[in-house]
Amino acid sequence: MTSSIINRDPEILGGTPVFAGTRVPVRILLEHFEAGDRIDDFLDDYPTVTREQANAFLELVIAKLP
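Treat the numbers as computed from the prediction; the structure is a model and nothing was measured.

**Q** How should I be thinking about the nonpolar core in this particular structure?
**A** Note on soluble globular proteins: their nonpolar side chains tend to be buried together. Grouped together as the largest cluster of nonpolar side chains are 14 residues, with contacts concentrated most on Phe 19, Leu 29, Phe 42, Leu 43, Val 49, Ala 54 and Phe 57. Counting only elements with at least two residues in this core, the list comes to α1 (26-34), α2 (39-45) and α3 (51-64). When sequence neighbours within four positions are dropped, the list of residues in contact with Phe 19 reads Ile 5, Val 24, Pro 25, Val 26, Leu 29, Phe 42, Val 49, Gln 53, Ala 54 and Phe 57.

**Q** Can you help me understand the environment of Ser 3 in this one?
**A** Within the secondary structure, Ser 3 is located in the segment before β1 (6-7). On the accessibility criterion, Ser 3 (34% relative accessible area) is partly exposed. Taking C-alpha positions, Ser 3 is 9.9 Å from Gly 21, a pair spaced 18 residues apart along the chain.

**Q** In this structure, what is going on with the environment of Leu 60? I would like to understand it.
**A** Its place among the elements puts Leu 60 in helix α3. With residues near it in sequence (within four places) discarded, Leu 60 still touches Ile 5 and Ile 6.

**Q** Help me understand α1, please; the structure alone is not making it clear to me.
**A** Owing to its 3.6 residues per turn, the α-helix brings residues three or four apart onto one side. Those residues of α1 lying buried are Val 26, Ile 28, Leu 29 and His 32. Viewed end-on, α1 has its buried residues packed into an arc of 160°, placing them on one side of the element.

So, how was this worked out
Residue positions are given per chain, counted from 1 along the sequence in the order it is written. Side-chain atom pairs in this predicted model are given and counted only at pLDDT of 80 or more, local residue features only at pLDDT of at least 70, and totals for whole chains, interfaces and linings cover all residues. Note that water and hydrogens are dropped before the side-chain values are worked out from all heavy atoms of the structure. The nonpolar core is taken to be a set of buried Ala, Val, Leu, Ile, Met, Phe, Trp, Tyr and Cys residues, with the residues joined through side-chain atoms within 4.5 Å. For every residue, the accessible area obtained with a 1.4 Å probe (protein chains only) is divided by the maximum for its type, and the residue is called buried under 20%, exposed over 50%, and partly exposed between those limits. Each helix corresponds to a stretch of at least 4 residues labelled H or I by DSSP, and each strand to a stretch of at least 2 residues labelled E; elements are numbered beginning at the N terminus. In what follows, a contact means two residues having at least one pair of non-hydrogen atoms within 4.5 Å. Along the arc lie the directions from the helix axis toward the C-beta atoms.

Keep in mind these numbers describe shape, not what the thing actually does.
And the structure:
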């Protein structure tokens, strides 16, 4: 699975979903939120992820909520 937001490739972290163009698993963003961090904290820690990618991923997550 490849998009401008998420990439899933068996050659990258064993197929773990990562932000496209990076090796940063998307679950890390969710873990930051669970820890009470802000999106800026995540972006500071993982500068290869763009704000647009992070926001688009969160929109995908919200769209999947019941």
